[in-house]
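Coordinate analysis (summary)
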Amino acid sequence: VKDTDRATRGAQTLRGGNPDFVRGHGWKAMALTMKGSYPEAIAEQKRAYEIDPNPGMQIFMAVIQASAGNKAEARKLVHKIEDVAKQQYVCNYEISQVYAALGDRDQAMKWLNSGLTQQCDCMIWLQGEPWMEPLRADARYLDLIKRVGFDRIPKPIAR
């Protein structure tokens, strides 16, 4: 998202008159994270998690925390998510996002490769999501893109 202000307004509009529309909160949190407005992003994501306390909401909170520099909090959250993943399905691709945001390429690649094995439907976002930016220069990531079946290598996202 290059125009984070427009994306933030779009997420607000998406919610419309429904303050409990979880995706509206989540998308606004994503846009605010991209903008660097971390306290606001955390508040939006907390609201999303209150509405729908699923692992995906917690994963994105960990991504926001890592992006904000709160690495200890992000690690605490991702370890909780990994525990949940032992009991129920959690998309490994999404877990990899946290590790990418933490700058832990080895763990991010471990979870991405597991996501490929799992045939996670989220792998379709592999090339475009900004959370994968820290991996874009990693040869293992580029190889994974080819193994997934994409025919082009993503360019770094301009900010």
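Here goes a summary of the coordinates provided. These numbers were taken from a predicted model, which means no experiment stands behind them. (Residues numbered from 1 in each chain as written. Predicted model: local features only at pLDDT ≥ 70, side-chain atom pairs only at ≥ 80, totals over all residues. Heavy atoms only, no water.)

Description of helix H5 (residues 71-85)
- Across its 15 residues, H5 extends 21 Å between first and last C-alpha, which sits within 8% of the 21 Å expected from 1.5 Å per residue.
- Among the residues of H5, Ala74, Leu77, Val78, Ile81 and Glu82 are the ones counted as buried. Within H5, the buried residues cover an arc of 145° as seen down the axis, which keeps them to one side.
- Considering only its buried residues, H5 is in contact with helix H4 (55-67), helix H6 (92-102) and helix H7 (105-118). (Helix = DSSP H or I, 4+ residues; strand = E, 2+ residues; numbered from the N terminus. Expected span 1.5 Å × (residues − 1). Buried < 20%, exposed > 50% of the residue type's maximum accessible area, 1.4 Å probe, protein only. Arc of directions from axis to C-beta. Contact = heavy atoms within 4.5 Å.)

Let's talk about the nonpolar core
- Within the largest apolar cluster, 39 residues are counted, with the highest numbers of intra-cluster contacts made by Tyr93, Ile95, Leu112, Leu126, Leu135 and Tyr141.
- Within the residue set of this core, elements represented by two or more residues are helix H2 (22-35), helix H3 (38-51), H4, H5, H6, H7 and helix H8 (139-148).
- Apart from the residues within four sequence positions on either side, Ile95 is in contact with Ile59, Val78, Ile81, Glu82, Ala85, Val90 and Trp111. (Core = buried A, V, L, I, M, F, W, Y, C linked by side-chain atoms within 4.5 Å.)

Describing the state of the cysteines
- In total, this model carries zero disulfides according to the counting rule given.
- Here Cys120 stays unpaired: no disulfide links it, and the sulfur of Cys91, its closest cysteine neighbor, is 3.7 Å away. (Disulfide = S-S within 2.5 Å.)

Any functional reading would require information that these geometric values do not contain.
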